[in-house]
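Inside the fold
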Amino acid sequence: MLEERVYLNIGAIQERSIANGPGERFVLWLQGCLLNCPGCINPEFQPLVKRVILSVEEVFERITKVKGIEGVTFTGGEPMLQAKALALLSEKLKKTGLTLMCYTGYTLEELKTFNNYWIEKLLSNLDILIDGPFILEKKASLPWRGSSNQRVYFLTPTYQHLQKFVESPLREIEFIVDSKGFLVTGVSFEELLLKLRETLKR
Ligand code: SF4
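Residues numbered from 1 in each chain as written. Predicted model: local features only at pLDDT ≥ 70, side-chain atom pairs only at ≥ 80, totals over all residues.

**A look at the overall build of the protein**
This is how the line gets drawn: To qualify as a helix, a DSSP run of H or I must reach at least 4 residues; to qualify as a strand, a run of E must reach at least 2; elements of each kind are numbered from the N terminus. Note that the radius of gyration is over C-alpha atoms, with the globule rule given as 2.2 Å times the number of residues to the power 0.38. Residues with at least 20 other C-beta atoms within 10 Å of their own are called buried, those with 12 or fewer are called exposed, and the rest are partly exposed. The C-beta atoms themselves are positioned from the backbone. We call two residues in contact when the distance between their C-beta atoms, placed using the backbone, is within 7 Å.
A tally of regular secondary structure across the protein gives six helices and eleven strands. By the compact-globule yardstick of 17 Å for 202 residues, the protein fits well, its C-alpha radius of gyration being 16 Å. Expressed as a percentage of its 202 residues, the buried residues of the protein come to 34%. A separation threshold of at least 6 residues defines the contact pool for the protein, and within that pool the share at least 24 residues apart is 69%.

**A look at the sheet that holds strand β4 (residues 71-76)**
Let me state the cut-off plainly: Any two strands are treated as partners once DSSP identifies two or more bridges connecting them. Lines fitted to C-alpha atoms define the axes, with helix axes restricted to the stretch in contact, and inter-axis angles between N-to-C directions lie between 0 and 180 degrees.
Across the sheet, which stays open at both edges, the seven strands sit in the order β3-β1-β2-β4-β5-β6-β9 with mixed pairing between neighbours. At either margin of the open sheet sits one strand with a lone partner, and together these are β3 (52-55) and β9 (151-154). Going across the sheet, the axis of each strand differs from the next one's by a mean of 30°, ignoring polarity.

**Thoughts on the site of the ligand**
The line we're drawing: In this analysis a residue is considered near a molecule or strand if the C-beta atom, reconstructed from its backbone, is found within 6 Å of that molecule or strand. For this classification, Asp, Glu, Lys and Arg are treated as charged, while Ala, Val, Leu, Ile, Met, Phe, Trp, Tyr, Cys and Pro are nonpolar and the rest, including Gly, are polar.
Close to the ligand lie 15 residues, the nearest being Cys 33, Cys 37, Cys 40, Gly 105 and Phe 134. Across the shell around the ligand, the residue classes break down as eight nonpolar, six polar and one charged.

**Considering the nonpolar core**
The condition is simple: A set of buried residues qualifies as a nonpolar core if it consists of Ala, Val, Leu, Ile, Met, Phe, Trp, Tyr and Cys joined through C-beta atoms within 7 Å.
Ranked by internal contacts, the top residues of the largest apolar core, which has 36 residues, are Cys 102, Leu 122 and Leu 126. Among the secondary structure elements, those contributing two or more residues to this core are β1 (7-17), β2 (25-30), α1 (56-64), β4, α2 (83-94), β5 (99-103), α4 (117-125) and β6 (128-131). Ranked by the residues each element gives to this core, the list is headed by α2, at seven residues. Those residues in contact with Cys 102 that sit more than four places away from it in its chain are Phe 74, Pro 79, Leu 122, Leu 126 and Leu 129.

**So, the environment of Lys 92**
The topology assignment puts Lys 92 in helix α2. As for Lys 92 and Glu 57, which are separated by 35 residues in sequence, their C-alpha atoms are 9.1 Å apart.

**A few points about the packing of α1 against α2**
As a reminder, the rule being used: If an angle is under 35 degrees, it is roughly parallel; if it is over 145, roughly antiparallel; if it lies from 65 to 115, roughly perpendicular; otherwise it is oblique. What makes a crossing left-handed is the near helix being turned counterclockwise from the far one by less than a right angle; a clockwise turn instead makes it right-handed.
Running from N to C, α1 and α2 point in directions that differ by 40°, and their axes come no closer than 10 Å. Judged on the interaxial angle alone, α2 and α1 are oblique. The handedness of the crossing between α1 and α2 is right-handed. Between α1, through Val 56, Val 59, Phe 60 and Ile 63, and α2, the contact on the second element is made entirely by Ala 85, Leu 88, Leu 89, Lys 92 and Leu 93. A class-by-class count of the residues in the contact of α1 with α2 yields eight nonpolar, no polar and one charged.

**Details of α1**
As a reminder of what qualifies: In this description, one arc is meant: the one made by directions from the helix axis to the C-beta atoms.
Inspection of α1 places Val 56, Val 59 and Ile 63 among the buried residues, and these make up the whole buried set. Seen end-on, α1 carries its buried residues on one side only, within an arc spanning 65°. Contacts made by the buried residues of α1 are with β1, β2, β3, β4 and α2.

**Side note on α2**
Put simply, the test is: Multiplying 1.5 Å by the residue count of a helix minus one yields the expected span of that helix.
Between its first and last C-alpha, α2 extends 16 Å over twelve residues, near the 16 Å set by a 1.5 Å rise per residue. Ala 83, Ala 85, Leu 86, Ala 87, Leu 88, Leu 89, Ser 90 and Leu 93 are the residues of α2 that are buried. Those residues of α2 hidden inside the fold are in contact with β1, α1, β4, β5 and α4.

That is the geometry; function is a separate question.
This is the structure we're talking about:
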């Protein structure tokens with residue numbers, strides 16, 4: 001019997017990042033989000049349009065080719081809109097020893113009320129979940145988060161030693177310059193990016 005192919009709609013990929021979770025991580029920005037948070041940190045990943053379509057197997061191969069990374073981070077956009085593909089991908093990645101972290105604009109309580117098999121499956125494979133929408137009025141400098149309502153859940157013992165770290169005031173922003181251009185990752189804000197653009201122009 002032929003196995004069903006499941007696809008991911010990806011907004012962007014960064015093979016190595018140190019500002020999107022613990023250690024050096026492969027980052028997948030999933031395309032599409034329904035929440036429309038004012039001041040959204042990644043507006044380009046909100047539209048529900050097709051961007052880069054890759055099968056779970058293709059993404060798995062691409063990730064496992066990158067040597068020396070500690071884990072993978074799913075962000076977006078809204079990863080939970082693609083829970084089935086991410087659950088299947090995370091199942092395979094877990095077996096390789098990579099750690100898994102995921103962002104969602106929904107709270108963990110909301111996710112539970114959806115009663116969705118694939119969301120539950122995905123959650124069961126994660127080491128870290130960061131939940132809640134970005135709320136402009138609660139904008140804050142905290143590791144891995146843009147606003148203070150967002151919570152960090154350590155769902156396995158792997159990173160529980162980082163509990164103190166995630167409560168400390170800190171923001172990590174990463175600048176990647178390569179032959180394709182200039183990329184800013186981590187939780188950054190519009191005004192910071194505007195200032196940076198102006199400075200670079202000068
Ligand atoms: S959940 Fe994230 S991607 Fe979606 S609108 Fe809010 S900040 Fe933007």
